[in-house]
Amino acid sequence: DRSASRIHYIENFISDQECRAMEQAAKPKLHRATVADGKGGSHFSENRKAMQAGIKVHWDKEHLEESEEAPNEDSLTKHHIATLSRRVYDYANR
């Protein structure tokens, strides 16, 4: 038996920049979500309408390097995704 799922509402959990970075990274990888088949695999379900995208987290970009030049857009996107991913991890494992 599993305990009932809980909904958590956390005000200001994600910044506008982090949200845009996730959208940008996910857009080219979005596809129909699958469900587990109980045998270690997965399949599409006619009842599931969600989309999913595997986004790589570049943990080395979690902290921007102090440098004289501004980071490029790719570095900022990777930084925002790593920062948000750390926040999610820390919250889920508290």
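What you see as residue numbers is a count from 1 along each chain, following the sequence as written. Only residues with pLDDT of at least 70 get local features here, since the model is predicted, and only at 80 or more are side-chain atom pairs given and counted; chain-wide, interface and lining totals rely on the full set of residues. Computation of side-chain values covers all heavy atoms of the structure but excludes hydrogens and water.

**Focus: the packing of helix 1 (residues 16-26) against helix 2 (residues 73-92)**
Thinking step 1. It is at 9 Å that the axes of helix 1 and helix 2 come closest, and there the two elements cross at 110°. By the criterion of interaxial angle, the relationship of helix 1 to helix 2 is roughly perpendicular. The residues of helix 2 that touch helix 1, namely those facing Gln-17, Glu-18, Ala-21, Met-22, Gln-24 and Ala-25, are Glu-73, Thr-77, His-80, Ile-81, Thr-83, Leu-84, Ser-85 and Arg-87.
Thinking step 2. Throughout this entry, Asp, Glu, Lys and Arg are counted as charged residues, while Ala, Val, Leu, Ile, Met, Phe, Trp, Tyr, Cys and Pro are counted as nonpolar. The remaining residues, Gly among them, count as polar. Along the lines of polarity and charge, the residues of the contact of helix 1 with helix 2 split into 5 nonpolar, 6 polar and 3 charged. The convention used is that axes are lines fitted to C-alpha atoms, helices contributing only their stretch in contact, and that angles between N-to-C directions extend from 0 to 180 degrees. A helix here means a DSSP run of H or I that spans at least four residues, while a strand means a run of E at least two residues long, and both kinds are numbered starting from the N terminus. The scheme is simple: roughly parallel for angles under 35 degrees, roughly antiparallel for over 145, roughly perpendicular for 65 to 115, oblique for anything else. Note on contacts: a residue pair is in contact if any heavy atoms of the two residues lie within 4.5 Å.

**Some details on helix 1**
Thinking step 1. A 1.4 Å probe rolled over the protein chains alone gives each residue an accessible area, and that area as a share of the maximum for its type sets the label: buried under 20%, exposed over 50%, partly exposed in between. For helix 1, the complete set of buried residues consists of Glu-18, Ala-21, Ala-25 and Ala-26. Summarising the axial view, the buried residues of helix 1 lie within an arc of 120°, below the 170-degree limit, and thus occupy one face. In helix 1, the exposed residues that point more than 90 degrees away from the buried face are Asp-16 and Glu-23.
Thinking step 2. On the buried face of helix 1, the contacting elements are helix 2. Picture the helix axis, draw a direction to every C-beta atom, and the arc is the one those directions span.

**Details of the pattern of salt bridges**
Thinking step 1. We define a salt bridge as a contact between a side-chain nitrogen of Lys or Arg and a carboxyl oxygen of Asp or Glu at a distance within 4 Å. Inspection of every chain in the model, using the stated rule, returns 3 salt bridges.
Thinking step 2. Arg-87 is the salt-bridge partner of Glu-18, the closest N and O atoms lying 2.8 Å from each other. Taken together, the residues span a long stretch of sequence, with Glu-18 in helix 1 and Arg-87 in helix 2 at a distance of 69 residues.

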